[in-house]
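# Structural features, examined
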Amino acid sequence: MSSRELELSDDGSSGASIIGPAGRPMTENDLPPPDTKRWVMRRKAEVVAGVRSGLISLEEACRRYTLSVEEFLSWQRLIDSHGMRGLRATRLQDYRGNQPVPVRSRMASTAAE
């Protein structure tokens, strides 16, 4: 079975359908709503899958979700290197390894002391 298939909706119009990150068919209607504020790993993975499959363009995804291209590409890289679990914000430091801590984070931690 192809990861992309043509689906006929109830009104007779056709739309693309792909197999999403959860292993179920996904259409553009299954993408997170544009006003999403809480980005859990499943929603991030759905946006990445939508862009990769052509359900939505990178430009449209960035506009719709107010993402920078760099942020989207970081989600894509994390999925490629660590799977969907790499998108977990609470485990980000585990997946990024020994990369240096940004100056802003160091300044915030010293100000709190």
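Right, let's walk through the structure included here. Just so you know, these numbers come straight off a predicted model, no measurement behind them. (Residues numbered from 1 in each chain as written. Predicted model: local features only at pLDDT ≥ 70, side-chain atom pairs only at ≥ 80, totals over all residues. Heavy atoms only, no water.)

### As for the packing of aromatic side chains
Quick note on the threshold: Only Phe, Tyr and Trp rings take part, Trp by its six-membered ring, and two of them pair if their centres are within 6.5 Å. Stacked means planes under 30 degrees apart, edge-to-face means over 60, and tilted covers everything else. The way it works is that DSSP assigns letters per residue, a run of H or I at least four long becomes a helix, a run of E at least two long becomes a strand, and they are numbered from the N terminus.
Counted by the stated rule, this structure contains two aromatic pairs. Here W39 and Y65 contribute two aromatic rings whose centre-to-centre distance is 5.3 Å and whose plane-to-plane angle is 90°, an arrangement assigned as edge-to-face. Of this pair, W39 sits in the loop between β3 (25–26) and α1 (41–53) while Y65 sits in the loop between α2 (58–64) and α3 (69–82), and the two are 26 residues apart along the sequence. Ring centres 5.2 Å apart and planes at 45° place the aromatic pair W39 and W75 in the tilted group. One end of the pair, W39, is in the loop between β3 and α1; the other, W75, is in helix α3, with 36 residues separating them in the sequence. A connected cluster of aromatic rings, assembled from ring pairs, spans W39, Y65 and W75.

### A closer look at the packing of α1 against α3
The cut-off we apply is this: Only the stretch in contact is used when a helix axis is fitted, and all axes are lines through C-alpha atoms; the angle between N-to-C directions ranges over 0 to 180 degrees. The cut-offs work like this: below 35 degrees is roughly parallel, past 145 is roughly antiparallel, 65 to 115 is roughly perpendicular, and the gaps in between are oblique. Residues are treated as being in contact if the distance between any of their heavy atoms lies within 4.5 Å. For this classification, Asp, Glu, Lys and Arg are treated as charged, while Ala, Val, Leu, Ile, Met, Phe, Trp, Tyr, Cys and Pro are nonpolar and the rest, including Gly, are polar.
Direction vectors running N to C along α1 and α3 enclose 95°, while the axes themselves pass 10 Å from each other. Judged by the inter-axis angle, α1 sits roughly perpendicular to α3. Only F72, W75, Q76, I79 and D80 of α3 make contact with α1, whose side of the interface consists of K44, A45, V47, V48, V51 and R52. Split into classes, the residues belonging to the contact of α1 with α3 amount to seven nonpolar, one polar and three charged.

### Details of the pattern of salt bridges
The condition that has to hold: Whenever a carboxyl oxygen of Asp or Glu lies within 4 Å of a side-chain nitrogen of Lys or Arg, that contact is scored as a salt bridge. For every residue, the accessible area obtained with a 1.4 Å probe (protein chains only) is divided by the maximum for its type, and the residue is called buried under 20%, exposed over 50%, and partly exposed between those limits.
According to the stated counting rule, one finds five salt bridges in the structure shown. One salt bridge in this structure joins E60 and R64, with 3.6 Å as the shortest N-O distance. Linking E60 with R64, this pair stays in helix α2, spanning four residues, or about one helical turn. You can call E60 partly exposed: its relative accessible area is 24%.

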